[in-house]
2 protein chains.
Amino acid sequence: MVSVGTVPGPIQSIERAAAMLRLLARGSGEYGLAEVAASLGLPKGTAHGILRTLQRVAFVEQDEETGRYRLGAALLHLGTSYLDANELRSRSLNWADALAARSGQEVRIGVHHDGAVLVVHHVFRPDDTMQTLGIGAMLPLHATAFGKVLLAYDADLSAATRRRELTSLTRRTIVTPQSLERVLTQVRAAGWANDAEEYLPGEASIAAPIRAPGGLVVGAIGISGSVDRICDSASRAKPALVSQVASAAEAISRALSD
Amino acid sequence: MVSVGTVPGPIQSIERAAAMLRLLARGSGEYGLAEVAASLGLPKGTAHGILRTLQRVAFVEQDEETGRYRLGAALLHLGTSYLDANELRSRSLNWADALAARSGQEVRIGVHHDGAVLVVHHVFRPDDTMQTLGIGAMLPLHATAFGKVLLAYDADLSAATRRRELTSLTRRTIVTPQSLERVLTQVRAAGWANDAEEYLPGEASIAAPIRAPGGLVVGAIGISGSVDRICDSASRAKPALVSQVASAAEAISRALSD
DNA sequence: CGTCACCGTTCGACATTGTCGACCGCACCC
DNA sequence: GGGTGCGGTCGACAATGTCGAACGGTGACG
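The structure displayed is predicted, hence computed values, not measured ones.

Asker: Help me understand the interface of chain A and chain B in this model?
Answerer: As a measure of interface size, the accessible area lost when the parts come together is often cited. Counting from both sides, the interface comprises 46 residues of chain A and, opposite them, 46 residues of chain B. Across the chain A/chain B interface, buried area totals approximately 4100 Å², and carbon plus sulfur atoms make up 74% of it. Of all residues in chain A, Ile14(A), Leu76(A) and Tyr82(A) bury the most surface against chain B, accounting for 16% of the area lost on that side. Where chain A meets chain B, there are two salt bridges. We note a salt bridge from Arg56(B) to Glu15(A), for which the minimum N-O separation is 2.7 Å. Applying the counting criterion to the chain A and chain B interface returns 13 residue pairs in polar contact (both at pLDDT 80 or more). Listed by contribution, the elements that provide at least two residues to the side of chain A that touches chain B are helix 1 (12-24), helix 3 (44-56), helix 4 (74-85), helix 5 (87-103) and strand 4 (116-123) of chain A. Examining the composition of the side of chain A that touches chain B, we find that 10 residues originate from one element, helix 4 of chain A, more than from any other. Residues belonging to the side of chain A that touches chain B are distributed by class as follows: 28 nonpolar, 11 polar and seven charged.

Shown next as structure tokens:
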């Protein structure tokens, strides 16, 4: 955005660099210079200058054989440092472990980031099955219990989400703004949210809000597992599990007040 | 670096932004504007412009109450995306899980990044004890088995490390360049490295090199645990464990050739 | 209660830098 | 052999990022 003289707006080259990193975080994760330039609507010379600098600070790496670019190692350290400094997460660790032990399910904690749920903590199911690390994953708002909790207590986010097209992920995904609003009303009444095969077939979740002092919802904690373990035969969340999740959320909320 | 006309060097504002993010990854993880400016030798107006832009792209957050800055949520997603695209890690996952099951110890995979070992994969010990996620952590090169492996097969890195002061972390840490060089010669001869209470008191590790096609060492895989489980009474690595680590490293190296 | 110091923030002049078109060598394909 | 598209370089110059000066706010101190 340009006007007479410089408007004290954002620094263009930093915004472009950030857009480049976000691009490289998508899809195959590996792009040629021409693809990066085309995707961002930049001349190749411009894109190359930015990539060269990002490479120099290790935010980007270039494959020596193919010349294609991908995200660099420095970002892992920064991402982890963000986690380490995340107070919500650090104050939730013990409660999350306890919830996993008690419920026998995997536990995650998520916050709102960029129109999705960003997982900031993940405790594996307490069994020997092979599991993949969920930290850093982005989950859809409308199709997960975590997302419904965040939507229920954020009017702006909720309005923005309803304006956007709700993607159908399974045959049970909520895809109309009206249905979503009805469900969010129920979430606010109940104080917790559930999803049953709306995000992944065969899988269900229960989540509850984590509140900062003053009541603002800053995140959600929840459990996930196979639908027959989380829900009864009518796809309703099992009351015992709901109670455990709600207790953990309340305990974390109290911990944030100290 | 400035000369007549613009030298096709790095873009200053992107380098400054990266330095700012690295600063925020250190220490308390939270800095005021004046501290950031002072730390990087920049005028406050300059630092503010960069922080405002980093905040706008969610790479930085500002505490509403104190006005202090910290790393932002977008970095977690980028860090995780780097991991997801990391071929060394994706090809190592199964072998790492198998090594943890077989050895009964925690397993990590590390690569060289910015003069340290960056942990790109971590499998918890197969037991119920509370453990903290090691992915993204930076480990010292001279005081860990992982680091010694990386140093042993990288002459430039080794020379650079010996020029730097070797920090004493425990009373067993190697602190002279001569001792380090002697140890690295042994590592090359043996094909694996060991540390015994050189990094953390009471803890030991064994690591072996992961090689890309052509033989270049691109990472190290290793186990860690209490020193009495990893070593015999003379602080020597137990041969059965060494064999397991070496086998896993060789298997991963072969997987990288496919 | 008034003063002081330092904070984060804003603004605009202007010097410097980042932009980007033109061109390059290379690799691949027909 | 010619055509196409790649990553990359270079330098003119327009646009931007820099940064000094000033601001209001806040907390500490006497």
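Asker: Mind showing me how you'd approach the domain arrangement of chain A here?
Answerer: Once the domains are mapped, chain A shows domain 1 (12-72) and domain 2 (86-256). Put simply, the middle of domain 1 of chain A and the middle of domain 2 of chain A, counted by C-alpha atoms, are 34 Å apart.

Asker: I tried to follow the confidence of the model for chain A on my own but got confused; where do I start?
Answerer: Close inspection of predicted coordinates is inappropriate in any region flagged by low pLDDT. Averaged over every residue, the pLDDT of chain A is 92; residues scoring 70 or more account for 97%. Considering only residues more than four positions removed or in separate chains, one finds that residues 1-6 of chain A, a stretch of pLDDT under 50, has zero contacts.

Asker: So what exactly am I meant to see when it comes to the packing of helix 2 (residues 33-40) of chain A against helix 3 of chain A here?
Answerer: A pair of packed helices is captured by two measures, namely the crossing angle of their axes and the spacing between those axes. Residue and element names in this part refer to chain A. Their axes nearest at 9 Å, the elements helix 2 and helix 3 cross at an angle of 110 degrees. Put simply, helix 2 runs roughly perpendicular to helix 3. In terms of crossing hand, the pair formed by helix 2 and helix 3 is right-handed. Residues Leu 33, Ala 34, Val 36 and Ala 37 of helix 2 lie in contact with helix 3, whose contacting residues are Lys 44, Ala 47, His 48 and Leu 51. Among the residues making up the contact of helix 2 with helix 3, the classes are represented as six nonpolar, one polar and one charged.

Asker: For this particular structure, what's the right way to read the pattern of salt bridges?
Answerer: Should the charged atoms of two oppositely charged side chains come close, the side chains can pair. For the structure shown, the criterion picks out 22 salt bridges over all chains. Its salt-bridge partner being Lys148(A), residue Glu198(A) comes within 2.7 Å of it at the nearest N-O pair. On the criterion of sequence distance, the pair formed by Glu198(A) in the loop between strand 6 (193-196) and strand 7 (203-211) and Lys148(A) in helix 6 (residues 145-152) is long-range, its members being 50 residues apart. Taken as a pair, Glu198(A) and Lys148(A) share a single burial class, namely buried. Between Asp232(B) and Arg236(B) there is a salt bridge, and its shortest N-O distance comes to 3.3 Å. Judged by its relative accessible area of 32%, Asp232(B) is partly exposed.

Asker: For this particular structure, what's the right way to read the environment of Ile174(A)?
Answerer: Residues and elements named next belong to chain A. Looking at where Ile 174 falls in the secondary structure, it is placed in the loop between helix 7 (155-163) and helix 8 (177-190). Residues Ile 174 and Tyr 199, spaced 25 residues apart in sequence, show a C-alpha to C-alpha distance of 9.5 Å. Apart from the residues lying within four places of it in its own chain, the contact partners of Ile 174 are His 142, Lys 148, Leu 166, Ser 179, Leu 180, Val 183 and Glu 198.

Asker: When you look at the packing of aromatic side chains in this model, what are you seeing that I'm missing?
Answerer: Each aromatic ring pair is described using two quantities: the centre-to-centre distance and the angle formed by the ring planes. Counted by the stated rule, this structure contains zero aromatic pairs over all chains. A cation over a ring is seen here: Arg211(B) above Tyr153(B), with NZ or CZ 4.7 Å from the ring centre.

Asker: Is there a simple way to explain the packing of helix 5 (residues 87-103) of chain B against helix 10 (residues 239-255) of chain B in this structure?
Answerer: Residues and elements named next belong to chain B. In the contact formed by helix 5 and helix 10, the axes pass within 9 Å of each other and the chain directions differ by 160 degrees. Comparing the axis directions of helix 5 and helix 10 gives the class roughly antiparallel. Seen from above, helix 5 lies across helix 10 with right-handed handedness. Listed contacts from helix 10 to Leu 88, Arg 91, Ser 92, Trp 95, Leu 99, Arg 102 and Ser 103 of helix 5 are Leu 241, Gln 244, Val 245, Ala 248, Ala 251, Ile 252 and Ala 255. Taken together, the residues that form the contact of helix 5 with helix 10 break down as nine nonpolar, three polar and two charged.

Asker: For this particular structure, what's the right way to read the UniProt feature "domain: HTH iclR-type" (unreviewed entry) in chain A?
Answerer: UniProt feature "domain: HTH iclR-type" (unreviewed entry): in the numbering of this structure it lies at residues 11-73 of chain A. Between the end C-alpha atoms of residues 11-73 of chain A the distance is 24 Å, and the span holds 54% helix and 10% strand.

What counts, and where the lines are drawn
Residues numbered from 1 in each chain as written. Chains lettered and ligands numbered in written order. Predicted model: local features only at pLDDT ≥ 70, side-chain atom pairs only at ≥ 80, totals over all residues. Heavy atoms only, no water. Contact = heavy atoms within 4.5 Å. Buried area = accessible area lost by both parts, 1.4 Å probe. Salt bridge = Lys/Arg side-chain N within 4 Å of Asp/Glu carboxyl O. Polar contact = N/O pair within 3.5 Å; in protein donor to acceptor, adjacent residues only side chain to side chain. Helix = DSSP H or I, 4+ residues; strand = E, 2+ residues; numbered from the N terminus. Nonpolar A, V, L, I, M, F, W, Y, C, P; charged D, E, K, R; others polar. Domains from an automatic or database assignment. pLDDT = per-residue confidence, 0-100. Axes fitted to C-alpha atoms, helices over the stretch in contact; angles between N-to-C directions. Parallel < 35°, antiparallel > 145°, perpendicular 65-115°, else oblique. Left-handed = near helix turned anticlockwise from the far one by under 90°. Buried < 20%, exposed > 50% of the residue type's maximum accessible area, 1.4 Å probe, protein only. Phe/Tyr/Trp six-rings, centres within 6.5 Å; stacked < 30°, edge-to-face > 60°. Lys NZ or Arg CZ within 6 Å of the ring centre and 35° of its normal. UniProt positions renumbered as here; feature names shortened; annotations may be inferred.

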